[in-house]
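# Fold and geometry: a report
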Amino acid sequence: MDTLLITPAYLLILEVKNMVGTLVFDSQFKQSIRQSNQGETGFRDPILQVQKQKINLAKWLSNHLFPHNPIVTYVVISNPSSVIKSTVPDHRTKHIIREDNLPFVIDQLNSLYVKACYTPDHIQRLGEACLHNHTEYNPDIPQRFQLCETDLLKGVRCPGCDPDETPLRCVVLLLLLIFIERRSRSDLRRLSTVA
C-alpha cells in the first residue's frame, strides 16, 4: 500500500505508479503493459494490487476491532508524460487517475461519503496502530536470487589509483538491487563482469 488516507467517513488507498511511456491496462489477462522505445514490458495489474490491499486492510481492521468504514481504492499515475490506455472498455479503469485529478476525486468522495463512522479518537488510534504494525520490506536479495557474495562487485574503483584499470569499474549496491528486480540471474552475472 503506497498511501492510506484516513477520514471520518471512509478510508482511501492510493497505489501510486510513476512509469514512463504508454501504459496499457489489459483487462483480459489482468496485467499492465508499458510501451516505450525499449519495447514492451509487462507488469502486475495495479488495479488487482490495490484490490488485494483493500481486502487485507479490511481483514486487518476487523482483527484489530476497528469499525468498518468504506474503503475506496485508486491507482494514481504520477508521471504527467505517461499515456494511459485500456485494451477494452472496462469499469475497473475508472479507478485509475492522474495525480493532478486527485484533489477533485477526494472532493467527490467527501461529498459521497458524509456519514462519519470514525471519531477523532478512532482516527488517532487507527493511525497509531498502522504505524505500530508497519514493517519495512527488506528482502534478502542474494538469497532470493541464489547469489553468492562473490557475485557482487562492491565499491568504486578510483581511476587515479591504478591507471591500467578501467575507470569507475563498479556496481553500486542500489543500482544492483534495481537490476536484480528487473533482470534474470544470467543477466546479473553478465552485468557484474562488464568492466
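Residues numbered from 1 in each chain as written. Predicted model: local features only at pLDDT ≥ 70, side-chain atom pairs only at ≥ 80, totals over all residues. Heavy atoms only, no water.

## Notes on the overall build of the protein chain
The test is simple: Secondary structure follows DSSP: runs of H or I at least 4 residues long count as helices, runs of E at least 2 residues long count as strands, and numbering of each begins at the N terminus. Buried residues are those whose accessible area, probed at 1.4 Å on protein chains only, stays under 20% of the maximum for their type, while exposed residues exceed 50% and partly exposed ones sit between those limits. Should any heavy atoms of two residues lie within 4.5 Å, those residues are counted as being in contact.
Scanning the protein chain from N- to C-terminus turns up six helices and eight strands. Going residue by residue from the N terminus, the α and β elements of the protein chain occur as β-β-β-β-β-α-β-β-β-α-α-α-α-α. By residue count, 30% of the 195 residues in the protein chain fall in the buried class. When contacts within the protein chain are restricted to residue pairs at least 6 apart in sequence, those whose partners lie at least 24 apart make up 62%.

## Some thoughts on the sheet that holds strand β1 (residues 3–6)
The strands making up a sheet associate through hydrogen bonds between their backbones, and the pairing can be parallel or antiparallel. For the record, the criterion: Strand pairing follows a simple DSSP-based rule, namely that at least 2 bridges must link the two strands. Working convention: axes come from line fits to C-alpha atoms, limited for helices to the stretch in contact. Angles between N-to-C directions cover 0 to 180 degrees.
Taken in spatial order, the four strands of this open sheet run β1-β2-β6-β8, and their pairing is mixed. Two strands close off the open sheet at either side, each with one partner strand: β1 and β8 (96–98). Adjacent strand axes in the sheet meet at a mean angle of 30 degrees, parallel and antiparallel pairs treated alike. Relative to strand β6 (residues 71–77), strand β2 (residues 11–17) runs parallel, the two being bridged by seven bridges.

## Focus: the side chain of Thr 22
Checked against the element boundaries, Thr 22 lands in strand β3 (residues 22–26). Not counting residues up to four positions away in its chain, the partners in contact with Thr 22 are Ile 33, Arg 34, Gln 35, Val 83 and Lys 85.

## Quick notes on the confidence of the model for the protein chain
Put simply, the test is: Each residue carries a pLDDT score, the predictor's confidence in it, ranging from 0 to 100.
Taken as a whole, the protein chain shows an average pLDDT of 79; of its residues, 77% reach a score of 70 or greater. Considering only residues more than four positions removed or in separate chains, one finds that residues 165–175, a stretch of pLDDT under 50, has 15 contacts. Considering only residues more than four positions removed or in separate chains, one finds that residues 184–195, a stretch of pLDDT under 50, has 14 contacts.

## A short note on the environment of Ile 106
Relative to the helices and strands, Ile 106 resides in helix α2 (residues 102–112). Between the alpha carbons of Ile 106 and Leu 12 there is a distance of 8.9 Å; along the sequence they are 94 residues apart. Excluding residues within four positions of it along the chain, Ile 106 makes contact with Leu 5, Tyr 10 and Leu 12.

## Observations regarding the side chain of Thr 73
Relative to the helices and strands, Thr 73 resides in strand β6. Beyond its immediate stretch of four places on either side in the chain, Thr 73 contacts Ile 13, Val 50, Lys 54 and His 95.

## With respect to the nonpolar core
Spelled out, the test is: Residues belong to a common nonpolar core when they are buried Ala, Val, Leu, Ile, Met, Phe, Trp, Tyr or Cys residues joined through side-chain atoms within 4.5 Å.
Counting 18 residues, the largest nonpolar core has Leu 11, Leu 57, Trp 60, Leu 61, Phe 66 and Leu 126 as the members making the most contacts within it. When residues of this core are traced back to their parent elements, those giving at least two are β2, β3, α1 (46–63), β6 and α3 (120–133). For this core, the element with the highest residue contribution is α1, accounting for five residues. Contact partners of Leu 57, with chain neighbours within four places excluded, come to Leu 4, Leu 11, Ile 13 and Ile 71. In this structure, Leu 12, Tyr 74, Val 76 and Ile 97 belong to the second largest nonpolar core, which totals 11 residues.

## Observations concerning the sheet that holds strand β7 (residues 83–86)
Ordered in space as β5-β4-β3-β7, the four strands form an open sheet in which the pairing is mixed. Only two strands of the sheet have a single partner each, and these edge strands are β5 (39–44) and β7. The mean inter-strand angle of the sheet, taken between neighbouring strand axes irrespective of direction, is 25 degrees. Where β3 and strand β4 (residues 31–36) come together, five bridges link them in antiparallel fashion. If you follow Phe 25 over to β4, its bridge partner there is Ser 32.

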